[in-house]
Amino acid sequence: MLTALCCWLMAGTADAASRPKKKKAKKARVTRKHVVKKPVVLSVHDADPWKTCEDTCEHVHGIDVSHYQNDVFWKAVGEETNMAYVYLKASEGNDRVDALYARNIELAHLHGLKVGSYHYFRPKVNLKEQLENFKSQCLPGEQDLIPMLDVETMGDLTTGAFCDSLTKFLGMMEEAYHQKPIVYTYRNFYNKNLVGRLDNYQLWIAMYADEQPVLADERDYTMWQYTCKGRIKGVKGEVDKNRLMNGHRLFDIRYRH
């Protein structure tokens with residue numbers, strides 16, 4: 001039995017040795033072609049959020065910030081980005097103040113940004129109380145830019161009642177700060193509810209698309225908020241980005257002390 005097994009193993013070994021060895025397949029030679037890179041044209045909504053139009057265009061850019069951005073590293077924003085200005089949320093309605101407003105305005109100033117403040121408007125809430133809430137935060141001596149009123153909701157009012165409330169509050173803000181505030185709203189909201197109602201006020205229009213907004217009455221606007229998903233150094237996560245439009249300059253929205 002043992003002899004037979006040894007013979008079988010020796011036969012197998014000899015058979016394997018007599019087989020022709022397989023030649024290793026040669027690797028195909030890869031020729032690296034010279035690739036001519038096309039220039040990258042950046043839009044305001046590039047797939048890479050870090051590639052942004054403020055790096056290539058001539059518009060004056062800024063951000064708007066609230067507690068939703070948490071603690072902003074203002075040194076990086078002021079020294080390592082092309083942002084020239086910031087609007088900070090100060091208050092909302094008659095009893096809400098932004099928890100990070102005091103910190104944000106101090107550090108934004110410290111690191112060289114022009115600063116303005118805004119109030120989120122609640123049209124059904126007592127107007128006098130809303131103004132007092134905003135005034136408690138937005139101190140004239142700390143402002144570089146005119147106040148902004150953030151208008152995004154009708155509060156279940158009719159169009160007439162909403163516009164009446166808005167017009168009264170804008171007048172109250174103008175009387176308190178001795179200059180007309182700028183009004184922020186969305187393009188569709190303006191087209192549906194505000195055409196012909198704000199002719200004496202500068203507009204700040206939000207629309208998140210590559211093409212510039214066109215209002216139903218084709219009127220001029222001062223600023224365009226072109227994304228709510230911007231990325232910049234110093235801000236964790238996403239931030240609203242804006243740019244001055246149609247030849248407007250920071251001078252046009254300066255706070256006149």
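Each remark here, short or long, concerns the structure printed above.
In this text the structure is predicted, and so the values were computed from the model without any measurement.

With that settled, the discussion passes to the overall build of the protein chain. If you tally the helices and strands in the protein chain, you get six helices and nine strands. The 257 residues of the protein chain split such that 42% are buried. Contacts in the protein chain between residues at least 24 apart in sequence constitute 65% of all its contacts with a sequence separation of at least 6. When the accessible surface of the protein chain is summed, it comes to about 15,300 Å², and 53% of that surface belongs to carbon and sulfur atoms.

All chains considered together, the criterion is met by eight aromatic pairs. Considering the side-chain rings of F121 and F169, the 5.3 Å spacing of their centres and the 25 degrees angle between planes classify their relative orientation as stacked. Placement of F121 in the loop between β4 (114–120) and α4 (127–137) and of F169 in helix α5 (residues 159–177) is noted, with a sequence separation of 48 residues between them. Take F121 and F169: they sit in the same class, and that class is buried. Geometrically, the ring pair formed by Y184 and W204 is edge-to-face, given 5.6 Å between the ring centres and 90 degrees between the ring planes. With Y184 in strand β6 (residues 182–186) and W204 in strand β7 (residues 203–206), the pair connects residues that are 20 residues apart, well separated along the chain. Each member of the pair, Y184 together with W204, is buried. By the ring-pair criterion, three or more aromatic residues cluster together here, those being Y87, Y184, Y186, W204 and Y208. Sitting above the plane of the Y226 ring, R243 keeps its charged end 5.8 Å from the centroid.

Here we come to the nonpolar core. Soluble globular proteins tend to pack their nonpolar side chains together in the buried interior. The biggest cluster of nonpolar side chains holds 48 residues, and the ones touching the most others in it are I63, W74, V86, F162 and L166. Broken down by element, the residue count for this core peaks at seven residues, all from α5. In this structure, V86 is in contact with I63, V65, W74, A108, L113, K114, V115, G116 and L145, ignoring residues within four places of it in sequence.

Quick look at the pattern of salt bridges now. Throughout the structure, instances matching the rule amount to 10 salt bridges. E92 serves as the salt-bridge partner of K89, at 2.6 Å between the closest nitrogen and oxygen. Each member of the pair K89 and E92 is classed as buried. What makes E92 buried here is its relative accessible area of 8%. Put simply, K89, E92, R96 and R122 are held in one network by salt bridges that share partners.

Our next topic: unusual backbone geometry. At D156, a position not held by glycine, the phi torsion is positive, near 65 degrees. Assignment of secondary structure puts D156 in the loop between β5 (148–150) and α5.

Attention now moves to the layout of surface pockets. By rolling a water-sized probe across the atoms, one finds the places where empty space is left. The volume enclosed by the largest pocket comes to roughly 320 Å³. Every residue lining the largest pocket is counted, 21 residues in all, and those nearest its centre are S66, Y118, D150, E152 and D240. Only β1 (61–65), β2 (83–92), β4, β5, β6 and β8 (223–230) provide two or more residues apiece to the lining of the largest pocket.

Attention now moves to the packing of α4 against α5. Their axes nearest at 10 Å, the elements α4 and α5 cross at an angle of 40 degrees. Judged by the inter-axis angle, α4 sits oblique to α5. You can see that α4 and α5 cross each other, and the crossing is right-handed. Note on element contacts: α5 touches α4 through S165, K168, F169, M172, M173, A176 and Y177, opposite L127, K128, Q130, L131, F134 and K135. Along the lines of polarity and charge, the residues of the contact of α4 with α5 split into eight nonpolar, two polar and three charged.

Next up on the list: α4. L127, Q130, L131, N133, F134 and Q137 are the residues of α4 that are buried. Considered in projection along α4, the buried side chains sweep an arc of 160 degrees and stay on one side of the axis. For α4, the elements touching its buried residues are β2, β3 (96–97), α3 (101–110), β4 and α5. With a side-chain oxygen positioned 3.1 Å from the backbone nitrogen of K128, the residue opening α4 is N126.

The rules we used
The numbering scheme is per chain: residues are counted from 1 as the chain's sequence reads. In keeping with the model being predicted, local features are shown solely for residues with a pLDDT of at least 70 and side-chain atom pairs are shown and tallied solely at 80 or more, while totals for entire chains, interfaces and linings include all residues. Side-chain calculation: all heavy atoms of the structure are included, whereas hydrogens and water are not. Counting from the N terminus, the helices are the DSSP runs of H or I reaching at least four residues and the strands are the DSSP runs of E reaching at least two. Three labels apply to residues, based on accessible area from a 1.4 Å probe with only protein chains included: buried if under 20% of the type maximum, exposed if over 50%, partly exposed otherwise in between. Any two residues whose heavy atoms approach within 4.5 Å are treated as being in contact. Accessibility throughout is a Shrake-Rupley quantity obtained with a 1.4 Å probe, and a residue counts as covered only by protein chains that appear here. The criterion for an aromatic pair is that two Phe, Tyr or Trp rings (for Trp, the six-membered ring) have centres within 6.5 Å, with stacked assigned to planes under 30 degrees apart, edge-to-face to planes over 60 apart and tilted to the rest. Criterion for a charge above a ring: Arg CZ or Lys NZ at most 6 Å from the ring centre, at most 35 degrees from the ring normal. Among buried residues, those of type Ala, Val, Leu, Ile, Met, Phe, Trp, Tyr and Cys that are joined through side-chain atoms within 4.5 Å constitute a nonpolar core. Counted as salt bridges are all cases of a side-chain nitrogen of Lys or Arg within 4 Å of a carboxyl oxygen of Asp or Glu. Whether a set of points on the 1 Å grid over the protein atoms alone is a cavity depends on a 1.4 Å probe fitting there but being unable to get out, while an open set qualifies as a pocket with protein on both sides within 12 Å along at least five of seven lines; lining residues are those with an atom within 4 Å of a point. Grid points are joined across faces, edges and corners, and a volume is the space filled by probe spheres set on the points. Each axis is a line fitted through C-alpha atoms, and for a helix only the stretch in contact is used; angles between axes span 0 to 180 degrees, taken between their N-to-C directions. By definition in this entry, angles of less than 35 degrees are roughly parallel, angles greater than 145 are roughly antiparallel, angles of 65 to 115 are roughly perpendicular, and the rest are oblique. Crossings are sorted by hand: turned counterclockwise from the far helix by less than a right angle, the near helix makes the crossing left-handed, and turned clockwise it makes it right-handed. Just so you know the grouping, Ala, Val, Leu, Ile, Met, Phe, Trp, Tyr, Cys and Pro go in nonpolar, Asp, Glu, Lys and Arg go in charged, and all remaining residues, Gly too, go in polar. The arc in question is the one spanned by the directions pointing from the helix axis to the C-beta atoms. Distance and chemistry together define a polar contact, namely a pair of N or O atoms within 3.5 Å, with one atom able to donate a hydrogen and the other to accept it when in protein, and with adjacent residues in sequence counting only for side-chain atoms on both sides.

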